[in-house]
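Report on the structure
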Amino acid sequence: AQKITQTQPGMFVQEKEAVTLDCTYDTSDPSYGLFWYKQPSSGEMIFLIYQGSYDQQNATEGRYSLNFQKARKSANLVISASQLGDSAMYFCAMRVNRGSTLGRLYFGRGTQLTVWP
Amino acid sequence: EAQVTQNPRYLITVTGKKLTVTCSQNMNHEYMSWYRQDPGLGLRQIYYSMNVEVTDKGDVPEGYKVSRKEKRNFPLILESPSPNQTSLYFCASSSYLRQGAREQYFGPGTRLTVT
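Structural notes on the sheet that holds strand β3 (residues 19-25) of chain B
Residues and elements named next belong to chain B. Here four strands make up an open sheet; going across it, the order is β1-β3-β8-β7 and the pairing antiparallel. The open sheet has two edge strands with one neighbour each: β1 (4-7) and β7 (65-66). Strand direction decides the pairing type here: β7 and strand β8 (residues 76-78), joined by two bridges, are antiparallel. Pairing of V66 across the sheet is with L76, part of β8.

Here's the deal with the pairing of strand β9 (residues 74-79) of chain A
The side chains of a regular strand alternate, first on one face of the sheet and then on the other. Residues and elements named next belong to chain A. Among the six residues that make up β9, five are buried, leaving the element largely enclosed by the rest of the structure. Taken together, the three bridges between strand β3 (residues 19-21) and β9 define a ladder with antiparallel strand orientation. Each bridged residue has a counterpart across the sheet, and for L21 the counterpart in β9 is L77. Alignment of strand β8 (residues 64-69) against β9, held across six bridges, turns out to be antiparallel. Across the sheet, the residue bridging to L66 is L77, located in β9. In this antiparallel pair of consecutive strands, β8 and β9, the connection spans four residues, and K73 shows a positive phi of 55°.

Quick word on the state of the cysteines
Using the criterion set out here, one finds two disulfides over all chains in the structure. Between the sulfur atoms of C23(A) and its disulfide mate C92(A) the distance is 2.0 Å. On the sign convention where negative is left-handed, the bridge of C23(A) and C92(A), at about -65° about the S-S bond, is left-handed. With C23(A) in the loop between β3 and β4 (24-26) and C92(A) in strand β10 (residues 88-96), the pair connects residues that are 69 residues apart, well separated along the chain. Across the pair, C92(A) and C23(A) agree in class, each one buried. The disulfide partner of C23(B) is C91(B), and the gap between their sulfur atoms is 1.8 Å. For the disulfide bridge between C23(B) and C91(B), the dihedral angle about the S-S bond is near -70°, and by the sign convention the bridge is left-handed. Residue C23(B) is found in strand β3, and its partner C91(B) is found in strand β9 (residues 87-94); the two are separated by 68 residues along the sequence. Both residues of the pair, C23(B) and C91(B), belong to the buried class.

About the cut-offs
- Residues numbered from 1 in each chain as written.
- Chains lettered and ligands numbered in written order.
- Predicted model: local features only at pLDDT ≥ 70, side-chain atom pairs only at ≥ 80, totals over all residues.
- Heavy atoms only, no water.
- Pairing = 2+ DSSP bridges.
- Helix = DSSP H or I, 4+ residues; strand = E, 2+ residues; numbered from the N terminus.
- Buried < 20%, exposed > 50% of the residue type's maximum accessible area, 1.4 Å probe, protein only.
- Disulfide = S-S within 2.5 Å.

Below, the structure is given as structure tokens:
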């Protein structure tokens, strides 16, 4: 069974500081992808970053980076230089690349990030 | 522009009144699915479809129906809505052929309230 765990229901960070949002996953499949999504109060799901299980380097997208530790099954999101607009719910998700689950994402429960001035 | 559209975006209805939430994608994706999001629970899959006329249950299918008569459309049907189906619903689509990072598209969401 596939499982995503986000242990931080809420996080607070001051503007311009870096913050790490934790995500651990569980799967026995060797081929999988890990995603982070941002959900502002308006509700839409915004894709942030992706890491494939065979990718050798950690993914980066602008101020977002994914700290991928395969042996520990963790995929933490690091946001550098936080901005007030980063205040949102953040979801970690996993897709297993096989069979009928190819299109499906398994989600964690989310972390509510608040950036204060 | 590649996109997934959902309608309506907001809906308030009463218990037992049948409703349909439409979902359409313009990317020729094979895989489409519906998720519901509830506070503290993340997103949970309701139903999915691997292609036209092929649908199957996700984790929380009770009280919902779907159909996939055309590749681009995947409507979610609530035959007799109940208050516990009050939620935020997302339609999503993706392709088997590419396992790349951005091949997961979400609709804008439908906020449903059942009174």
